[in-house]
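# Inside the fold
Chain residues, written in single-letter form:
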Amino acid sequence: MQTYIALLRGINVGGHKKIKMAELKLLFEKLGFKDVTTYIQSGNVVFSSPSPQRGKSDFAEIIFEGIKKQFGYEVPVLVKTVDDVVQILKNCPFDEEKKAASYFMLLATPPKKELMELVKEISYPNEEFVLTPECVYIYFSKGYGNAKLNNNFFEKKLKVAATTRNYRTLVKLLELAEYFMPRTA
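To start, this report covers the structure provided alongside it. A quick note: this is a predicted structure, and the numbers were derived from the prediction, not measured.

Analysis parameters
- Residues numbered from 1 in each chain as written.
- Predicted model: local features only at pLDDT ≥ 70, side-chain atom pairs only at ≥ 80, totals over all residues.
- Heavy atoms only, no water.
- Phe/Tyr/Trp six-rings, centres within 6.5 Å; stacked < 30°, edge-to-face > 60°.
- Helix = DSSP H or I, 4+ residues; strand = E, 2+ residues; numbered from the N terminus.
- Buried < 20%, exposed > 50% of the residue type's maximum accessible area, 1.4 Å probe, protein only.
- Pairing = 2+ DSSP bridges.
- Axes fitted to C-alpha atoms, helices over the stretch in contact; angles between N-to-C directions.
- Contact = heavy atoms within 4.5 Å.
- Polar contact = N/O pair within 3.5 Å; in protein donor to acceptor, adjacent residues only side chain to side chain.
- Parallel < 35°, antiparallel > 145°, perpendicular 65-115°, else oblique.
- Left-handed = near helix turned anticlockwise from the far one by under 90°.
- Nonpolar A, V, L, I, M, F, W, Y, C, P; charged D, E, K, R; others polar.

With that settled, the discussion passes to the packing of aromatic side chains. A complete count under the given rule lists 16 aromatic pairs for this structure. Ring geometry for tyrosine 4 versus phenylalanine 59: centroids 4.9 Å apart, planes at 65°, classification edge-to-face. In this pair, tyrosine 4 sits in strand β1 (residues 2-8) while phenylalanine 59 sits in helix α2 (residues 56-71), placing the two residues 55 residues apart along the sequence. An identical accessibility class is assigned to tyrosine 4 and phenylalanine 59; each is buried. When the ring of phenylalanine 140 is compared with that of tyrosine 144, the centres are 5.3 Å apart and the planes differ by 70°; the resulting orientation is edge-to-face. Pairwise contacts between aromatic rings join Tyr4, Phe28, Phe33, Phe47 and Phe59 into one cluster.

As structure tokens, then:
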């Protein structure tokens, strides 16, 4: 069984699209996923699937439709494998100190190259980013709160769905996922 990490965008933020994690866990189980565990209220779910013929985009669509049907919300869903998230963290271009304070904007699909080239030219004081086809690595020396280079900014400029997590959250999700990964003797 393969272990996955689902990242939901925009739930339980500012009182909008409220979904209790216990209810989300039950929904995942109802959809046929196993070993389901949630992490914090912002829509992070570790799960495994006994369906090797299905892929990440299939699961994202199943979860999207399940949330829409049960809760009435259209919530963008990104599904990554554990290896995807490990690679994203490993490829972080920042030194260890900045990496630990960085944000990782995971992209649902690779943006068009011409859009990536245009975005690479943008800069704001105290905001540093590196753009790859899978992730926008962002470091804010003054914090995320008033940043110009936020999730909405990159989604509009790159014309792709994205969701942002900090370093600690991604590391915790990997820790939770490792618990469910098959052990080799």
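Now, onward.
Here we come to unusual backbone geometry. Phi angles above zero are rare outside glycine, and aspartate 35 is one such case at about 50°. Position of aspartate 35 among the secondary structure elements: in strand β2 (residues 34-39). A relative accessible area of 35% means that aspartate 35 is categorised as partly exposed. One non-glycine residue, lysine 159, lies in the positive phi region at around 55°. Topologically, lysine 159 is positioned in the loop between α6 (151-158) and β8 (162-166). Residue lysine 159 is classed as exposed on the basis of its relative accessible area, which comes to 64%.

To continue, consider the sheet that holds strand β6 (residues 127-131). With antiparallel pairing, the four strands of this open sheet are ordered in space as β6-β7-β5-β8. Because the sheet does not close on itself, it has two edges, and the strands there are β6 and β8. Looking at each pair of strands side by side, their axes are set apart by 20° on average, direction ignored. Where strand β5 (residues 103-107) meets strand β7 (residues 135-140), four bridges bridge the pair, whose relative direction is antiparallel. Of the residues in β7, the one forming a bridge with tyrosine 103 is isoleucine 138. Each of β5, β6, β7 and β8 touches α6; the most contacted strand, β8, lies at about 145° to it.

On to the pairing of β1, then. Counting buried positions over the seven residues of β1 gives six, a clear majority of the element. Pairing geometry for β1 and strand β3 (residues 44-49), over six bridges, is antiparallel. Bridge pairing in β3 places alanine 6 opposite valine 45. Where β1 lies against strand β4 (residues 77-81), five bridges are found, and the strand directions are antiparallel. Paired with isoleucine 5 across the bridge in β4 is lysine 80.

Every α-helix winds through 3.6 residues per turn, so residues three or four apart in the chain are directed the same way. Looking only at α6, the buried set comprises Asn151, Phe153, Phe154, Glu155 and Leu158. Those residues of α6 hidden inside the fold are in contact with β5, α5 (113-120), β6, β7 and β8. You can read the cap of α6 off the contacts: a side-chain oxygen lies 3.2 Å from the backbone nitrogen of asparagine 152, and it is on asparagine 150. Downstream of α6 by one or two residues, lysine 159 has phi in the positive range, about 55°.

What follows is about the packing of helix α1 (residues 21-30) against α2. Interaxial distance between α1 and α2 falls to 10 Å at its minimum, and their mutual angle equals 120°. Taken together, the axes of α1 and α2 are oblique relative to one another. Relative to α2, the crossing made by α1 is right-handed. Facing Glu23, Leu24, Leu27, Phe28 and Lys30 of α1, the residues of α2 in contact are Ile63, Gly66, Ile67, Gln70 and Phe71. Its residues assigned to classes, the contact of α1 with α2 comprises six nonpolar, two polar and two charged.

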